[in-house]
Amino acid sequence: MRLNIVANPERNMKYRPLDAFKYRPFDALKYRPFDALKYRPFDAFAPPSALAIIYSPLPQHLPCVDDRARTPPQRPRPLTRRRAPMLDRRTLLKTALKAVLKATSGAALLAALSAGLPLSNAFAQVNLDQLVAAAKAEGEVVFYLAPTEPIAKALVDAFTARYGIKTSFLRLSTTPLLQRFSAEADSNNTGADVLWLSGSAEQNGTFGNDAVKRGWIEPVARAGLPVLQGGRFPARLLKENSAVAEFGMWIIGYNTSRIKPNEVPRTWKELLDPRFANQVIISDPLISDAYLPFWGLLFESYGEDFFARLRALKPRVMSSAVPATQALAAGEATLVIPTVHALISSLKAKGAPIEALTPDVTTSTESEVFLVARSRAKHPNAGRLLVNFMLSEDGSKAINAVSGGVESVYNTRALPAGYKSPRMNIDPPTLKRLLGL
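Rules and cut-offs
Residues numbered from 1 in each chain as written. Predicted model: local features only at pLDDT ≥ 70, side-chain atom pairs only at ≥ 80, totals over all residues. Heavy atoms only, no water. Pairing = 2+ DSSP bridges. Helix = DSSP H or I, 4+ residues; strand = E, 2+ residues; numbered from the N terminus. Axes fitted to C-alpha atoms, helices over the stretch in contact; angles between N-to-C directions. Buried < 20%, exposed > 50% of the residue type's maximum accessible area, 1.4 Å probe, protein only. Patch = residues over 30% accessible without salt bridge, like charges linked within 9 Å, V, L, I, M, F, W, Y side chains within 5 Å. Areas by Shrake-Rupley, 256 points an atom, 1.4 Å probe, with all protein chains shown as cover. Salt bridge = Lys/Arg side-chain N within 4 Å of Asp/Glu carboxyl O. Parallel < 35°, antiparallel > 145°, perpendicular 65-115°, else oblique. Left-handed = near helix turned anticlockwise from the far one by under 90°. Contact = heavy atoms within 4.5 Å. Nonpolar A, V, L, I, M, F, W, Y, C, P; charged D, E, K, R; others polar. Core = buried A, V, L, I, M, F, W, Y, C linked by side-chain atoms within 4.5 Å. pLDDT = per-residue confidence, 0-100. Expected span 1.5 Å × (residues − 1). Phe/Tyr/Trp six-rings, centres within 6.5 Å; stacked < 30°, edge-to-face > 60°.

Enquirer: Even after reading the chapter, I still don't get the sheet that holds strand E8 (residues 251-255), so can you show me in this structure?
Expert: The strands making up a sheet are joined through hydrogen bonds of the backbone, oriented either antiparallel or parallel. Strand order in the open sheet formed by five strands is E10-E9-E11-E8-E12, and the pairing between neighbours is mixed. Looking at which strands have only one partner, the edges of the open sheet turn out to be strand E10 (316-318) and strand E12 (354-357). Sheet twist, expressed as the average angle between the axes of neighbouring strands with direction ignored, equals 25 degrees. As paired strands, E8 and strand E11 (residues 335-339) are joined by three bridges and run antiparallel to one another. Its bridge partner lying in E11, Ile251 is registered against Thr339.

Enquirer: Looking at this structure, how should I read the pairing of E8?
Expert: Put simply, side chains in a regular strand alternate between the two faces of the sheet. The buried count for E8 comes to five of five residues, which makes it a mostly enclosed element. What you see with E8 is no split at all: Ile251, Gly253 and Asn255 on one side and Ile252 and Tyr254 on the other are buried throughout. By the bridge criterion, four bridges tie E8 to E12 in an arrangement that is antiparallel. Considered in E12, the bridge of Gly253 is made with Ala356.

Enquirer: I tried to follow a nonpolar patch on the surface on my own but got confused; where do I start?
Expert: Together, Leu286, Val317 and Leu437 line one region of the surface with nonpolar side chains, adding up to about 210 Å² of accessible area. By secondary structure assignment, the location of Leu286 is in the loop between strand E9 (280-283) and helix H11 (292-302).

Enquirer: I keep staring at the pattern of salt bridges and nothing clicks. Help me out?
Expert: When their charged atoms lie close together, side chains carrying opposite charge are able to pair. The tally for this structure, following the rule as stated, stands at twelve salt bridges. With a closest N to O distance of 2.5 Å, Glu355 and Lys348 form a salt bridge. Each member of the salt-bridge network shares a partner with another, and the members are Asp186, Asp210 and Arg214.

Enquirer: Is there a simple way to think about the packing of H11 against helix H17 (residues 428-435) in this case?
Expert: Viewed as axis vectors pointing N to C, H11 and H17 meet at an angle of 60 degrees, and their least axial separation amounts to 11 Å. The angle between H11 and H17 places the two elements in the oblique class. Our pair here, H11 against H17, has a crossing hand that is left-handed. Contacts between H11 and H17 involve Leu292, Trp295 and Phe299 from the first element and Pro428, Leu431, Leu434 and Leu435 from the second. Residue composition of the contact of H11 with H17, by class: seven nonpolar, no polar and no charged.

Enquirer: Looking at this structure, how should I read the nonpolar core?
Expert: The tendency in soluble globular proteins is for nonpolar side chains to be buried as a group. Grouped together as the largest cluster of nonpolar side chains are 55 residues, with contacts concentrated most on Phe143, Trp196, Leu385 and Leu391. Core analysis: the second largest hydrophobic core is formed by 30 residues, Phe276, Trp295, Leu343 and Leu431 among them.

Enquirer: Can you help me understand the confidence of the model for the protein chain in this one?
Expert: As a general rule, the predicted coordinates of low-pLDDT regions are not to be interpreted in detail. Summary statistics for the protein chain give a mean pLDDT of 79 and a share of 71% for residues scoring 70 or more. Counting contacts from residues 18-23, a segment whose pLDDT is below 50, to residues more than four positions away or on other chains yields nine contacts. A low-confidence stretch, residues 115-123 (pLDDT under 50), is modelled with 16 contacts involving residues beyond four sequence positions or located in other chains.

Enquirer: I'm lost on the environment of Met318 in this one. Help?
Expert: By secondary structure assignment, the location of Met318 is in strand E10. Judged by relative accessible area, Met318 falls into the buried class, the value being 17%. Spatially, the C-alpha atoms of Met318 and Ile282 are 6.3 Å apart, while their sequence positions differ by 36 residues. Ignoring any residue separated from it by four or fewer positions in sequence, one finds Met318 in contact with Ile281, Ile282, Ser283, Asp284, Pro323, Ala324 and Ala327.

Enquirer: Help me understand the environment of Leu310, please; the structure alone is not making it clear to me.
Expert: Structurally, the position occupied by Leu310 is in helix H12 (residues 304-312). Its relative accessible area of 0% is what places Leu310 among the buried residues. Every residue in contact with Leu310, bar those within four places of it in the chain, is listed here: Leu271, Leu272, Trp295, Pro315 and Leu435.

Enquirer: Explain helix H7 (residues 149-163) here, please?
Expert: Every α-helix carries 3.6 residues per turn, so stepping three or four residues along brings you back to the same face. For H7, built from 15 residues, the straight-helix expectation of 21 Å at 1.5 Å per residue is met to within 8% by its first-to-last C-alpha distance of 21 Å. Regarding H7, the residues found buried are Ile151, Ala152, Ala154, Leu155, Val156, Phe159 and Tyr163. At the exit of H7 stands Gly164, carrying a positive phi of roughly 70 degrees.

Enquirer: What exactly am I supposed to notice about the packing of aromatic side chains here?
Expert: We describe a pair of aromatic rings using the distance from one ring centre to the other and the angle between the two ring planes. In this structure the tally under the stated criterion is 17 aromatic pairs. With a centroid separation of 6.2 Å and an interplanar angle of 75 degrees, the aromatic rings of Phe181 and Phe207 are classed as edge-to-face. You can see Phe181 sitting in helix H8 (residues 174-186) and its partner Phe207 sitting in helix H9 (residues 201-214), a full 26 residues away along the chain. For Phe207, a relative accessible area of 10% corresponds to the buried category.

Enquirer: Teacher, can you tell me more about the side chain of Thr174 here?
Expert: Inspection of the secondary structure puts Thr174 in helix H8. What makes Thr174 buried here is its relative accessible area of 1%. Ignoring any residue separated from it by four or fewer positions in sequence, one finds Thr174 in contact with Ala146, Ser198, Gly199, Gln203 and Ser288.

Enquirer: What is the right way to read unusual backbone geometry from this model?
Expert: Note: most residues except glycine have negative phi, and most peptide bonds are trans. Look at the link from Ile337 to Pro338: it is a cis peptide, with omega at -20 degrees. Structurally, the position occupied by Pro338 is in strand E11. If you check the backbone angles, Asn188 has positive phi at about 60 degrees while not being a glycine. With respect to the helices and strands, Asn188 occurs in the loop between H8 and strand E5 (194-197). In this model, Lys314 sits at a positive phi of 55 degrees, which is unusual for a non-glycine residue. Tracing the backbone through its elements, the reader meets Lys314 in the loop between H12 and E10.

Right, dumping it as structure tokens:
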């Protein structure tokens, strides 16, 4: 931009304060070399009072001390400013979401939010409503299970009462169940929508990883189940491919007509009393891997001496806990180990003279539920709804009320002090040798 230098002291006086017109002292120039000055134009040596530096185009007003003095005084700014109330992030999101939903088809979600549900629970409720509609359209669900039949019936009754969907099941021990499902999956003719397995975490984990790779099952955590969206399901019970639905505690069963209450053994070691010779029934541990964690825990806790003394009692071996508990109810023995609450309670309800006792040191089946892949299941939405119900508080209470170990997976305070989660800590050949089978 070009500078116009005009020697007009009067004009300059109009816009510049007086103290700006003082002459520069002479000594500011006397030490400058001559050759640095000889080529400069004359106006470079003019005093500041003779110069007015004006930019082109020339502004209409140049601020100066006099102008500021003539400016009307402004109202002083208040020390405090009144602000609108601040909204927290959750309230802001809910308010914005409601505004969007009014202009869209989110009436169900808007109703859930208006009912006071948290945002995550509101989304879960909408997803559940959609899942229920899709499941009812399919009209049926089928599940295979290894836990006892009374538990299966309790689940069927509770689920049917809630949703009115026809529900059927097939009950097998864990090993035959997996063999049947694998054969069906290989032939692309899967009969189950849901699998419910007992056994150790290692066994279930191995099956789950292999089944996911083959495309047979869908990881529960990634199935978009509404019950998992609220964040209330216990994180430690959500496995890589499955979820724990029930605690089938291993306990001592006894016949009340053959033993007095004060004579009942309270621990596994008290069961080794010689007076119980020929009065004990044990379930064959080699029929299913579900028994291995129980016997492995006894081996870890009491060593080989425990098994030597148990062999001395000459126990009777039966194929599984089901016929063993039935024989106990018929008076064929005084004690049975191990058994589960579901078997004891179902036979007791029919009038059998049997009771159960849970020692402080024990484990359980911690049965896990698996979802058959949607591309394989005949009723994929009904299967997802069934698993969603099993993992809900109401469904968990219905299941575990029969199991008798805990109130639900949401409340495990009733677990014994020495409870250990099931793990594969003994192999079948070693156990066969210890029991003398």
